[in-house]
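So the chains spell out like this:
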Amino acid sequence: MENERQRHTDRKPADEFVEKLVKLNRTSKTVKGGRRMSFSALTVVGDQKGRIGFGFGKANDVTEAIRKSIDKAKSNLTTVPVKNGTLPHEVLGKYKSSAVLLKPACPGTGVKAGGPVRAVMDAAGVTDVISKSQGSRTSVNVVRATFDAVSQLMNARLVAENRGKNINEMWG
């Protein structure tokens, strides 16, 4: 009986995601009876193997807002081509007035990035990257700019297939 219980607690689901809360915001609306509080949550989820997503949820309760944002994040996942713990090439992502520059780094550098960009890179499983956030520092816009940068990344295998070559011919 003890062994059976232990087996059930050790079991992990197939797609286990890391959930990171980037920003939690409280707003209040003044009504006749006083102030009515509302919450919004921005979260990033990832499997630390290259699949990431972000979501934004609003509700009258903190836990409900976080749950909504996580559900939205899991519904729109994208993939990041991670190469030896870093990105394959330098890329600049933009969203409105926010811009995020992502540069690959040598092993041992770590994630040199500010709050929202760090959350995205940690969720993606990138261990070595250098980033610079420019323009607006709004968390939602920085996360969207980071996802724009990630969507521009090219996978070496796909580039080789499109050119009709194999990876060894391209990279020597």
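Coordinates for the structure precede this section.
Overview of the structure. (Residues numbered from 1 in each chain as written. Predicted model: local features only at pLDDT ≥ 70, side-chain atom pairs only at ≥ 80, totals over all residues. Heavy atoms only, no water.)

**As for the overall build of the protein chain**
Okay, step 1: Along the protein chain, the regular secondary structure elements total six helices and eight strands.
Okay, step 2: Sequence-ordered secondary structure for the protein chain, helices as α and strands as β, is α-β-β-β-α-β-β-β-β-α-β-α-α-α.
Okay, step 3: Relative to its full complement of 172 residues, the protein chain shows a buried share of 35%.
Okay, step 4: Of the contacts made within the protein chain by residues no fewer than 6 positions apart, 54% connect residues no fewer than 24 positions apart.
Okay, step 5: As displayed, the protein chain has an accessible area near 10,900 Å², and 48% of this comes from carbon and sulfur atoms. (Helix = DSSP H or I, 4+ residues; strand = E, 2+ residues; numbered from the N terminus. Buried < 20%, exposed > 50% of the residue type's maximum accessible area, 1.4 Å probe, protein only. Contact = heavy atoms within 4.5 Å. Areas by Shrake-Rupley, 256 points an atom, 1.4 Å probe, with all protein chains shown as cover.)

**Quick look at the sheet that holds strand β8 (residues 129–135)**
The pairing of strands in a sheet comes from backbone hydrogen bonds and takes either a parallel or an antiparallel form.
Okay, step 1: One open sheet accounts for four strands, arranged β5-β6-β8-β7; its pairing is mixed. Either end of the sheet is taken by a strand with one partner, and the two such strands are β5 (91–95) and β7 (111–112).
Okay, step 2: Sheet topology places β5 next to strand β6 (residues 98–104); five bridges connect them, and they run antiparallel. Along β6, the bridge assignment pairs Tyr95 with Ser98.
Okay, step 3: The sheet strands contacting helix α4 (residues 139–152) are β5, β6 and β8, and the helix crosses β5 at an angle near 135°. (Pairing = 2+ DSSP bridges. Axes fitted to C-alpha atoms, helices over the stretch in contact; angles between N-to-C directions.)

**Remarks on the packing of aromatic side chains**
By convention here, two paired aromatic rings are described through the distance between centres and the angle between planes.
Okay, step 1: With the rule as written, the count across this model stands at one aromatic pair.
Okay, step 2: Arranged with centres 4.8 Å apart and planes meeting at 55°, the rings of Phe54 and Phe147 form a pair that is tilted. Residue Phe54 is located in strand β3 (residues 51–59), and its partner Phe147 is located in helix α4; the two are separated by 93 residues in the primary sequence. Pair check on accessibility: Phe54 and Phe147 agree, each one buried. (Phe/Tyr/Trp six-rings, centres within 6.5 Å; stacked < 30°, edge-to-face > 60°.)

**Thoughts on the pattern of salt bridges**
Okay, step 1: Summed over all chains, the structure comprises three salt bridges.
Okay, step 2: Two residues, Glu19 and Lys74, come together in a salt bridge whose shortest N-O distance is 3.6 Å. Of this pair, Glu19 sits in strand β1 (residues 18–31) while Lys74 sits in helix α2 (residues 62–75), placing them 55 residues apart in sequence.
Okay, step 3: For Glu19, a relative accessible area of 44% gives the class partly exposed. (Salt bridge = Lys/Arg side-chain N within 4 Å of Asp/Glu carboxyl O.)

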